[in-house]
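A closer look at the structure
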Amino acid sequence: MSVSTAALDPSVCAPLPVLGQDVTVPLVTGGEVTYAALDYAASAPALQRVWDDVAAYAPYYGSVHRGAGYLSQLSTDLFENSRRTVAEFLGCRADDQVVFTRSTTDSLNLLAAAIPANCQVFVYETEHHASLLPWRDAQVTYLNAPRTPGQAVETLERALADRDPYGPALVCVTGASNVTGELWPVRELAAAAHAHGARIVLDAAQLAPHHPVDIAELDVDWVAFSGHKLYAPFGSGVLAGRADWLQAAEPYLAGGGASRKVARRADGGVDVDWHTTAARHEAGSPNVIGVYSIASACKALTEAGFDNLVAREQELVSRVREGLAEVPEVQVLSLFGDDAPRVGVISFVVRGWNSSHFAAALSAEYGIGVRDGLFCAHPLVRTLLGSDPQDPGECGAPEAEPGERSLNAIRVSFGAGTPDEHIDRFLRAVTELVREGAQWKYRTEDGRCVPDRGEAAQV
């Protein structure tokens, strides 16, 4: 998978308008500043276009699939048209299904509930927990962290060659790491999986917002992603791909909408005829607004010119990496090396700093929002930090006092809505904190590093 380096057209590559771009936040040192949202990998701000589309639809809100009224019919059409929009955005094949879920985590748990009995699952230890943990009822093989894309393919091929060749198998892999931002060799991994009779699901939570995803071109069996990382509001997600395992499985949730017919039996029981379409796994009243917001985001990214958005983001990636490289105390985390293509997700540690202390100072003194911790990818971050996989650690919880080394890292992430000024401010802040230290005292409170507001004296 390659990253576009096409020439930028400034007229079409300005940051896309997002909610919150003018929000100001207080600084512990006094005054206010426009908030620099650099935590896109956790949740990207919603596009203004998405919010406007949702607001325009809201007065016409109605129940879907079951209503005879005009608003219900309009909402049903909008819901199903959104499914077609997402299918087109993902390059789905003619017989693929698009199932709407709550998130990437929900999508992968749905697939985990649908895999056949005795399915063998292969997953790298480098995965986000949403990909690492759902396979509780399967025979799981955890693959060691590869250090090159080629090694990733070789590791998978060896593992698949040793499996039972007659049973079902599934490979789960990320498209872009939520820790390092590095792109994985998805097409090559799909080829290896299929050559050994296995299927593959792509966790595109970090890939889809930053890079076009085409199911047919990548030749993956399923793709999962979340709306809240694709510039849409919280609470919606997608699982798209092959229908057969989904059709054969019991509904993920049992209830209205998943069933076509329910009848009492003479013995007092109930017979149920379940849908074979995507509705089989969409029981209950669906999140119509969440689904529509995903479709709106897909349209907005496409119409803005995804290749141009990718190219602009690559310029930001280069600027951040070059700026951090000028600070010797900063160590950027990487699996595949400096030359590996990546999206706008970069994690690092700072020598002499507790990562949570550093992130707290970025927020309190510069109005910059980043993330610290293990990013729900504990085994990967521990591997990258050179610590024992058994070392204790929690997402976002500092395990040392401010100024002491911790087992956590700092992650800066950005995307289509990030203005240049936010990147410039971040790089300036990193340099000043390392060279001059924090201007305020900090303490640990409820597992977080926070400014010590009980002491007004600066240090």
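One can find the structure itself at the top, above this paragraph.
Described below are features of the structure shown in this document.

**As for helix α3 (residues 104–114)**
The buried fraction of α3 is high, at nine of eleven residues. Those residues of α3 that fall on the buried side of the exposure criterion are Thr-104, Asp-106, Ser-107, Leu-108, Asn-109, Leu-110, Leu-111, Ala-112 and Ala-114.

**Let's talk about unusual backbone geometry**
Notably, Asp-219 is not glycine yet its phi reads approximately 60°, a positive angle. Here Asp-219 shows up in the loop between α7 (215–218) and β9 (222–226).

**Things to note about the pattern of salt bridges**
Summed over all chains, the structure comprises 26 salt bridges. One salt bridge connects Arg-342 with Glu-182, and the closest N-O pair in it is separated by 3.9 Å. Here Glu-182 lies in the loop between β7 (169–174) and α6 (186–195) and Arg-342 lies in the loop between β13 (330–332) and β14 (345–350), a separation of 160 residues in the sequence. Overlapping salt bridges, with partners in common, bring together Arg-199, Asp-221, Arg-242 and Asp-244 in one network.

**Examining the nonpolar core**
Looking at soluble globular proteins, one finds that nonpolar side chains tend to be buried together. Residues Leu-90 and Phe-225 are the most contacted members of the largest nonpolar core, which totals 84 residues. Here this core gets nine residues from one element, more than from any other, and that element is helix α9 (residues 288–304). If you look at the next biggest cluster of nonpolar residues, it comprises 36 residues, including Trp-353, Ile-368, Phe-414 and Trp-440.

**Details of the packing of helix α5 (residues 149–161) against α6**
Between α5 and α6, whose axes approach to 10 Å, the crossing angle comes to 15°. With respect to each other, α5 and α6 are oriented roughly parallel. Here α5 runs over α6; the crossing is right-handed. On the side of α5, the interface is formed by Ala-152, Val-153, Leu-156, Glu-157 and Leu-160, while α6 contributes Glu-188, Leu-189, Ala-192 and Ala-193. Of the residues assigned to the contact of α5 with α6, the class counts are seven nonpolar, no polar and two charged.

**Observations concerning the sheet that holds strand β10 (residues 237–241)**
Ordered by their spatial adjacency, seven strands build an open sheet running β4-β10-β9-β8-β7-β5-β6, and the pairing between neighbours is mixed. Every other strand in the sheet has two partners, leaving β4 (97–101) and β6 (139–143) as the edge strands with one partner each. Between one strand axis and the next, the sheet turns by 20° as a mean value, whatever way the strands run. Relative to β6, strand β5 (residues 120–124) is paired through five bridges, and the arrangement is parallel. Across the sheet, the residue bridging to Val-121 is Val-140, located in β6.

Thresholds, definitions, all that
- In every chain, residue numbers begin from 1 and rise along the written sequence.
- Two thresholds apply to this predicted model, a pLDDT of at least 70 for residue-level local features and 80 or more for giving and counting side-chain atom pairs, whereas whole-chain, interface and lining totals are computed over all residues.
- Processing note: side-chain calculations cover all non-hydrogen atoms of the structure and skip hydrogens and water entirely.
- Three labels apply to residues, based on accessible area from a 1.4 Å probe with only protein chains included: buried if under 20% of the type maximum, exposed if over 50%, partly exposed otherwise in between.
- Secondary structure elements are taken from DSSP: a helix is a run of H or I of four residues or more, a strand is a run of E of two residues or more, and numbering for both begins at the N terminus.
- A pair is scored as a salt bridge if a Lys or Arg side-chain nitrogen falls within 4 Å of a carboxyl oxygen belonging to Asp or Glu.
- Buried Ala, Val, Leu, Ile, Met, Phe, Trp, Tyr and Cys residues form a nonpolar core when they are joined through side-chain atoms within 4.5 Å.
- Note on geometry: axes are lines fitted to C-alpha atoms, helical ones only across the stretch in contact, with angles between N-to-C directions running from 0 to 180 degrees.
- Working definition: roughly parallel below 35 degrees, roughly antiparallel above 145 degrees, roughly perpendicular at 65 to 115 degrees, and oblique for all remaining angles.
- Crossing handedness is defined as follows: a turn of the near helix away from the far one that is anticlockwise and smaller than a right angle gives a left-handed crossing, while the clockwise case is right-handed.
- Here a residue-residue contact requires only that any non-hydrogen atoms of the pair lie within 4.5 Å.
- Amino acids are sorted into nonpolar (Ala, Val, Leu, Ile, Met, Phe, Trp, Tyr, Cys and Pro), charged (Asp, Glu, Lys and Arg) and polar (every other residue, Gly among them).
- DSSP-based pairing: two strands are paired if at least 2 bridges between them are found.

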